[in-house]
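Breakdown of the fold
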Amino acid sequence: GRRAGRDPATAAMMSTSAQGSLRVLHSFGSHRGARCSAPRCTRPSKLKGCRVRCRGEEEKLSDVQSAWLDVSLLPFLATLPAVSAFAANAMDTADSLSATTTYVPSAMDAGDGWAQFVVLMVTALCGLVGMKVSFDGEQTASQDAISERVAKQVTAMETAETIPVIGVPLGDLKDRLALSGAASSLDTDGLLRIDGVLSPDTAKALLAEVNATLERELARAGQGSLPSDSFGNVYCKGNRYDLKLPLRGVAEAALREAVLNMGPVLEKVAGGNAAKLCEFAALVSDPGSTRQPVHPDTNYRRDRCVVTTFVALQDIESDMGPTVFIPGSHTARAHLAFKEANEVGGPALAAPNCVATLRTGDVSMFDSRLLHCGGGNSSNKRRVLFYFSFEVSGKENPNSGFSSIRDELRGTLTLRDLRNQPIVETVS
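Quick caveat, the model's predicted, so the values are computed rather than measured.

A closer look at the overall build of the protein chain
- Counting its secondary structure elements, the protein chain contains 10 helices and 10 strands.
- Sorting the 428 residues of the protein chain into buried and exposed places 38% on the buried side.
- The long-range fraction of contacts in the protein chain, counting pairs at least 24 apart against all pairs at least 6 apart in sequence, stands at 87%.
- Summing over all exposed atoms, the protein chain offers an accessible surface of approximately 24200 Å²; the carbon and sulfur share of this is 57%.

Examining the confidence of the model for the protein chain
- Scored by pLDDT, the protein chain comes out at a mean of 80, with 68% of its residues at no less than 70.
- Note on residues 1–73: pLDDT under 50 across the span, and 40 contacts to partners over four residues away in sequence or across chains.

Considerations on the packing of helix 6 (residues 200–221) against helix 7 (residues 249–269)
- Axis separation between helix 6 and helix 7 bottoms out at 9 Å; the angle between their running directions is 140°. One element, helix 6, and the other, helix 7, form an angle in the oblique class. Every pair of crossing elements has a handedness; the one defined by helix 6 and helix 7 is left-handed. On helix 7, the residues touching Thr 202, Ala 205, Leu 206 and Glu 209 of helix 6 are Val 250, Ala 251, Ala 254 and Glu 257.

Comments concerning the environment of Asn 261
- Here Asn 261 is to be found in helix 7.
- Relative accessible area serves as the criterion here: at 31%, Asn 261 is assigned to the partly exposed category.
- The residues contacting Asn 261, other than those within four sequence positions of it, are Leu 170 and Val 197.

Some remarks on empty space enclosed by the protein
- Considering all chains together, one arrives at 2 cavities of 30 Å³ or more under this definition.
- As a volume, the largest cavity reaches approximately 50 Å³.
- Taken together, Val 165, Leu 191, Arg 193, Phe 325, Cys 354, Ala 356, Leu 358 and Ser 364 make up the lining of the largest cavity.
- In the lining of the largest cavity, the residues fall into 6 nonpolar, 1 polar and 1 charged.
- The computed volume of the second largest cavity comes to approximately 30 Å³.
- Partitioned by chemical class, the residues of the lining of the second largest cavity number 6 nonpolar, 2 polar and 1 charged.

The rules behind each value
- Residues numbered from 1 in each chain as written.
- Predicted model: local features only at pLDDT ≥ 70, side-chain atom pairs only at ≥ 80, totals over all residues.
- Heavy atoms only, no water.
- Helix = DSSP H or I, 4+ residues; strand = E, 2+ residues; numbered from the N terminus.
- Buried < 20%, exposed > 50% of the residue type's maximum accessible area, 1.4 Å probe, protein only.
- Contact = heavy atoms within 4.5 Å.
- Areas by Shrake-Rupley, 256 points an atom, 1.4 Å probe, with all protein chains shown as cover.
- pLDDT = per-residue confidence, 0-100.
- Axes fitted to C-alpha atoms, helices over the stretch in contact; angles between N-to-C directions.
- Parallel < 35°, antiparallel > 145°, perpendicular 65-115°, else oblique.
- Left-handed = near helix turned anticlockwise from the far one by under 90°.
- 1 Å grid on protein atoms, 1.4 Å probe; cavity = no way out; pocket = protein on both sides within 12 Å on 5 of 7 lines; lining within 4 Å.
- Points joined across faces, edges and corners; volume = space filled by probe spheres on them.
- Nonpolar A, V, L, I, M, F, W, Y, C, P; charged D, E, K, R; others polar.

Set out below in C-alpha cells:
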C-alpha cells in the first residue's frame, strides 16, 4: 500500500508537542522523586502517644509536599495546551490514513486488466480448493472419531450376554391379555418383537420397489451429495442409506397393511389414534457397511415420545448386520451411565443385548430412547428394513423437524387416518 507524506506543519506541531511531553515526563519524574524522598516516621508504634511524638516530623513532611506541588505541577499544567493540540492533530492524521480509496479493478482493455483478472481467478480457485481440502479433512477426522468410538464400544460389550428376543405371533395380539402383555414389554424393555406383520408377497414387492427407487435416486445425485428430499441422515453413510419413501403404490400398501395388522398395539403404545406419522422410509445396508456406534434416536426425556417399527423385507441373518438393541436402556439411569462413560463403556454397554435376526415380514418395535445400533454387513447380500414411526399423542418429538419422512407428508397423517382409509393399491 502507499504511505501518506507528512506536511511541515504537522512535523513542527509534533516537534513542539514532543518537547512539551518531555517536560511533562520530567515533571512526573520530579513528582515520584519528591514522594520517594519525603521523610517518614522513624519510630512507628501503635501506642497512643506516637502521633504526638512524631508531630514535628509531620510538619516537616507538610512543608516538603507544599514545595513539591509548587515545583512539579506548574510545568505539567503549562504543557496541557500543547498535549491537547498534538492529540487532536494525531487523530485527524489517523482519520486521513484510514480513509483509503476503494479498490476498483482496471478495465479489461487496460494494460493490466487481464493480469488482474487472472490473479482474481487464481485466488478464487485456491480458495475453493482450500475449502474442499478442509471439508474433506473434517469428514475424515469425524469418521475416524466414530470408528474409534465403535471399537471401544465393541470391546466394552464383548463380555455382555446376548439374549434372544422372543417374538409375539401377530395372531396372538387379538387376545386382550396378550395385547396388554405386549404393550407392557415395550414399557419395561423398550423393545417388542411381533412376527408375521407383513405378508411375504408385500415384503417382496416393496423390496423390489426400494431397490429400484434407490438406484434412481443415486443416479439423480450423481457424484454430488445425496439430496435431502429423498435421503435422511444416518450414521456411517458408507454403503448405508436412509431412503425416504413416497406415499403411493407398493410403499403405501405396505404401510397400511402393517398399521392395520398392528393397529391395537400401536394405539396402546402411541397414546391413541391421534398419534402422527413422523417417519416413513427404508434403511439399506449394503455389503461392506460398517457397524454404527451405539446411540438412541432420541436423547433421554421423561416420557416416551416416538415409537419406531423396523420391518424385515427379507430374512436377516447374523452376518448381514442386524440391529443390536440393549433392552431396558431407555431409562434415565441407563442414559446417565452411558453419558458418564463417554458412550464407550460402563454398565449401560455391559448390560445384556439382543441381535434382531428376523424373518421376512417380522418387526422390531422400539422406544426411540432405546440404545441400539446397526451392525456391520459382512455378507454379500443387501439388508433392507422398511420402517415407520409415530409420535406419541400429546408428547413433544424433539426431532420432528428433520425426521426421515418426505416434506409433503410431515405432520399430515395420523394413526386413525391410516387405519380407517381404504388401501388404494393391494399387492397380489
